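# Descriptive analysis of the structure
Residue strings, one per chain:
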Amino acid sequence: MDNANNKLVAIQKAISAIRKTMATKDDLKNLELKIVEKIEEAQMEIIATVDKHKADKESVKVLEKRAE
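So, a few notes on the structure that sits alongside this text. Because the structure is a prediction, the values reported are computed rather than measured.

A word on the pattern of salt bridges. For the structure on display, the rule yields 2 salt bridges. Linking lysine 61 and glutamate 58 is a salt bridge whose minimum nitrogen-to-oxygen distance equals 3.9 Å. With lysine 61 and glutamate 58 both in helix α2 (residues 25-67), this residue pair falls 3 residues apart, about one helical turn.

As C-alpha cells, this is what we get:
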C-alpha cells in the first residue's frame, strides 16, 4: 500500500507542476491582446518610416531642382 501511496503522491506532484505551467483561457486572452497591441505598434512604426522616407525623397527632389 505504501508503494501505491508513493506513486499517487508523485502523480499529484506532477499534476500540480503541470497546472502551474499550463495557460488558462484568461492567459490566452491576455496574450492575444498583447500580440494585437504589438502588431498595431509595429504597423504605426512602419507607417512612420514610410512617411519619413517619402518626405526625404521629396526633399531630395527639391534640392536637386535648386542645384540645377
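Together, Leu28, Leu31, Ile35 and Ile39 give the surface a local cluster of nonpolar side chains, amounting to about 360 Å² of exposed area. Within the element layout of this structure, leucine 28 appears in helix α2.

For the rest of this paragraph, the subject is a negative patch on the surface. Taken together, the side chains of Glu37, Glu40, Glu41 and Glu45 define an acidic patch exposed on the protein surface. When you line up the elements, glutamate 41 lands in helix α2.

Basis of the calculations
Residues numbered from 1 in each chain as written. Predicted model: local features only at pLDDT ≥ 70, side-chain atom pairs only at ≥ 80, totals over all residues. Heavy atoms only, no water. Salt bridge = Lys/Arg side-chain N within 4 Å of Asp/Glu carboxyl O. Helix = DSSP H or I, 4+ residues; strand = E, 2+ residues; numbered from the N terminus. Patch = residues over 30% accessible without salt bridge, like charges linked within 9 Å, V, L, I, M, F, W, Y side chains within 5 Å. Areas by Shrake-Rupley, 256 points an atom, 1.4 Å probe, with all protein chains shown as cover. Lys, Arg positive; Asp, Glu negative; His and termini not counted. Charge placed at Lys NZ, Arg CZ, Asp CG, Glu CD.

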